[in-house]
Amino acid sequence: MKHVKRFFTAFLTLSLGLMALTGCTVGEDTSSGSSAASESASASVSASVSDAQSEGLTPEADATANMTLIGIALAGTAEAGDSLNGQAEELQSLLQEAGFSVEMAYAEGDGSTQSLQLNAMIEDECAILIVEAVDADAIDSALTSAGEAGISVLACGTLLEHSAVTCYVGTDYAAMGAAQAAYIAEALGLDAEDAGDETYTLELVVGDTDVDRLIYEGAMEVLETYLTAGQLTIPSGQQDYGDVATADAAGRTETLLTTYYSGGENLDVLLTTSNETCAAALTTLHASYAGSVYPIVVGAQCGLESVQWLSDGFLAMTTLSPEVTYPEQVLTLIQQIRSGEAVEDCLTAGETVTGDNFLELLVDTGLYSVSISGEVTEGASQGAEEEDDTDPGDTEEVPMVEYEAEDDLDDAGSEGE
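Residues numbered from 1 in each chain as written. Predicted model: local features only at pLDDT ≥ 70, side-chain atom pairs only at ≥ 80, totals over all residues. Heavy atoms only, no water.

> Just to check I follow, could you spell out the environment of Glu341 for this structure?
Turning to its location among the elements, Glu341 is positioned in the loop between helix 12 (326-338) and strand 11 (346-348). Judged by its relative accessible area of 46%, Glu341 falls in the partly exposed class. Here Ser339 takes part through its side chain, which lies 3.1 Å from a polar atom of the side chain of Glu341. (Helix = DSSP H or I, 4+ residues; strand = E, 2+ residues; numbered from the N terminus. Buried < 20%, exposed > 50% of the residue type's maximum accessible area, 1.4 Å probe, protein only. Polar contact = N/O pair within 3.5 Å; in protein donor to acceptor, adjacent residues only side chain to side chain.)

Dropping the structure here:
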């Protein structure tokens, strides 16, 4: 840069000298002569600056605009293709096509490994980190280091509650909770004109993760209106997240039933927040519930266990996590960050799954299959390809199992006698 400054100083001195020799003074009409001199001078300066650039004395104005290094820290393994719903390599290609350099690492399910990988990316001066976390606690210090270094962090797939996280790309879990609440209100007719003064009982069995908390918050934001109006009541009095969150869903459900419903009191609604909490709560409920009317049980994040309960008719509804298009959404957010725009979480809502649309959303799409005996397994049935070649009229649809609560409970009671 000093060389360029010296060049301009020398050029300015030479120009003033030429003006003195030719007798140019301020105020004289020198348009024709000055125009030619200006063009010549411009050409000379341009050539000299070009030479300076070619010699590496000064960089081009935007030479580094497309050289930003992006670090991608993934939870799974490269071979399995299980990171970002199998979209990790697609994301890498899209970023490279957009002109970014990419440093990608797979943690293979180990939080300590991912922490080391993130620290290495910080040392390499990555401008942006895309993180699919294995364990939020394991990478806490690495995220803190990224924040201190001024590095933008995009959490993908796995929610990260950390001050260094710029935004989150993934599932709208609060919307899942809101969908649960909407289903409960519709099933009980709470918004109907003839709703009357009837009060329904509700209990909450919530997991203890950040995702469970978001689902809980989304549901309670909607249900609060009905609780305040007295249409819903919680006999246990346990409503705050700290009171209802647990890592032992079966134990909490058992405690609720033995403490508040052991005398045959009816529980109208049981809200759970994950596949695990739902399956554990339902197992306990099915074994220990003494009421005469089986409750409406709602779940979220449907997995194999809860889908089996749904197919059997004991789970009223659950939610299907959406297929998030990570590559396009992440690229958009990165471009916004680089341009200085404000960025917000990019959230995709899931779908409500009930007995009415179970086959359409889960079985017809190949996510799950149901045998004639009613057993649910992951993936499409082995005979799916052959069935596609047959006349739809010749195939027999697997029926949903209809659950008659009172009859089944009476039968169970008589067997115990």
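> Help me understand helix 4 (residues 111-123) in this model?
Residues spaced three or four apart along an α-helix point in a common direction, a consequence of the helix completing one turn every 3.6 residues. The end-to-end C-alpha distance of helix 4 is 19 Å, a good match for the 18 Å that 13 residues give at a rise of 1.5 Å each. Gly111, Gln114, Ser115, Gln117, Leu118, Met121 and Ile122 are the residues of helix 4 that are buried. All buried residues of helix 4 lie within an arc of 165 degrees about the axis, which places them on one face of the element. Exposed side chains of helix 4 directed beyond 90 degrees from the buried face belong to Leu116 and Glu123. Those residues of helix 4 that are buried lie in contact with strand 1 (69-74), strand 2 (101-106), strand 3 (128-131) and helix 5 (140-148). Near the N-terminus of helix 4, the side chain that reaches the backbone nitrogen of Ser112, with its oxygen 3.3 Å away, is that of Asp110. Among the residues trailing helix 4, Glu125 stands out with phi positive, at a value near 65 degrees. (Expected span 1.5 Å × (residues − 1). Arc of directions from axis to C-beta. Contact = heavy atoms within 4.5 Å.)

> Where do I start with helix 11 (residues 304-312) in this structure?
Listing the buried residues of helix 11 in full gives Ser306, Val307, Gln308, Trp309, Leu310 and Ser311. Taken together, the buried residues of helix 11 touch helix 10 (275-288), strand 10 (317-320), strand 12 (351-354), helix 13 (358-363), strand 13 (368-370) and strand 14 (376-378). Immediately downstream of helix 11, the backbone of Gly313 shows phi near 95 degrees, a positive value.

> Help me understand the sheet that holds strand 1 in this model?
Paired through their backbone hydrogen bonds, the strands of a sheet run either parallel or antiparallel. Pairing is parallel in the open sheet, where six strands are placed in the order 2-1-3-4-5-11. Two strands close off the open sheet at either side, each with one partner strand: strand 2 and strand 11. Strand-to-strand twist across the sheet, computed as the mean angle between neighbouring axes with direction ignored, equals 15 degrees. Each of strand 1, strand 2 and strand 3 is contacted by helix 3 (residues 88-97), which is oriented at about 165 degrees to strand 2, the strand it contacts most. (Pairing = 2+ DSSP bridges. Axes fitted to C-alpha atoms, helices over the stretch in contact; angles between N-to-C directions.)

> Hey, could you run me through the pairing of strand 4 (residues 152-156) in this one?
If a strand is regular, its side chains alternate between the two faces of the sheet. Counting buried positions over the five residues of strand 4 gives five, a clear majority of the element. Residues Ser152, Leu154 and Cys156 line one face of strand 4 and the alternating positions Val153 and Ala155 line the opposite face, and both faces are buried. In this sheet, strand 4 lies alongside strand 3 in parallel orientation, the contact comprising four bridges. Among the inter-strand pairings, Ile128 is bridged to a residue of strand 4, identified as Ser152. On the question of chirality, the crossover connecting strand 3 to the parallel strand 4 by way of helix 5 is right-handed. As judged from the four bridges shared by strand 4 and strand 5 (residues 165-171), these two strands associate in the parallel manner. Each residue of the ladder has a partner; that of Cys156, found in strand 5, is Val169. (Right-handed = clockwise from strand over helix to strand, strands pointing away.)

> Honestly, the state of the cysteines in this entry has me stumped. Any pointers?
Applying the stated criterion across every chain, the model contains zero disulfides. Free of any disulfide, Cys346 has its nearest cysteine sulfur in Cys167, 8.2 Å distant. When its relative accessible area of 22% is taken as the criterion, Cys346 is described as partly exposed. (Disulfide = S-S within 2.5 Å.)

> Before we go on, may I ask you to explain the nonpolar core in this structure?
The tendency in soluble globular proteins is for nonpolar side chains to be buried as a group. Counting 30 residues, the largest nonpolar core has Leu270, Leu282, Leu285, Val307, Leu315, Phe358 and Leu362 as the members making the most contacts within it. Those elements giving two or more residues to this core turn out to be helix 9 (249-260), helix 10, helix 11, helix 13 and strand 13. Ranked by residues supplied to this core, first place goes to helix 10 with five residues. Residues Ile122, Leu129, Ala133 and Val211 belong to the second largest nonpolar core, which totals 27 residues. (Core = buried A, V, L, I, M, F, W, Y, C linked by side-chain atoms within 4.5 Å.)

> Explanation requested: the environment of Glu351 in the structure shown.
In this fold, Glu351 is placed in strand 12. Residue Glu351 is classed as partly exposed on the basis of its relative accessible area of 43%. Glu351 sits 31 residues away from Leu320 along the chain, and the two C-alpha atoms are 5.1 Å apart. Once residues lying within four places of it in the same chain are set aside, the contact partners of Glu351 are Thr318, Thr319, Leu320 and Leu361.

> Even after reading the chapter, I still don't get the side chain of Ser83, so can you show me in this structure?
Within the element layout of this structure, Ser83 appears in the loop between strand 1 and helix 3. At 3.3 Å, the side chain of Ser83 and the side chain of Glu132 are in polar contact. Beyond its immediate sequence surroundings of up to four residues, Ser83 is in contact with Leu74, Ala75, Gly76, Thr77, Ala88, Tyr106 and Glu132.

> Teacher, can you tell me more about the packing of aromatic side chains here?
The description of an aromatic ring pair rests on the distance of the ring centres and on the angle between the ring planes. Overall, the coordinates contain four aromatic pairs when judged by the stated rule. Aromatic pair Tyr216 and Tyr241: ring centres 5.5 Å apart, planes at 50 degrees, arrangement tilted. Residue Tyr216 is located in helix 7 (residues 210-229), and its partner Tyr241 is located in helix 8 (residues 241-244); the two are separated by 25 residues in the primary sequence. Through a chain of ring-to-ring contacts, the aromatic side chains of Tyr289, Tyr294, Trp309 and Phe314 assemble into a single cluster. (Phe/Tyr/Trp six-rings, centres within 6.5 Å; stacked < 30°, edge-to-face > 60°.)

> Help me out: how do you make sense of the pattern of salt bridges in this one?
When the charged atoms of two side chains with opposite charge come close together, those side chains can pair. In this structure the tally under the stated criterion is two salt bridges. Across the pair Glu217 and Arg213 runs a salt bridge whose closest N-O atoms are separated by 3.0 Å. Placement of the pair is Glu217 and Arg213 together in helix 7, with a separation of four residues, close to one helical turn. Connected through salt bridges with shared partners, the residues Glu161, Arg213 and Glu217 form a single ionic network. (Salt bridge = Lys/Arg side-chain N within 4 Å of Asp/Glu carboxyl O.)

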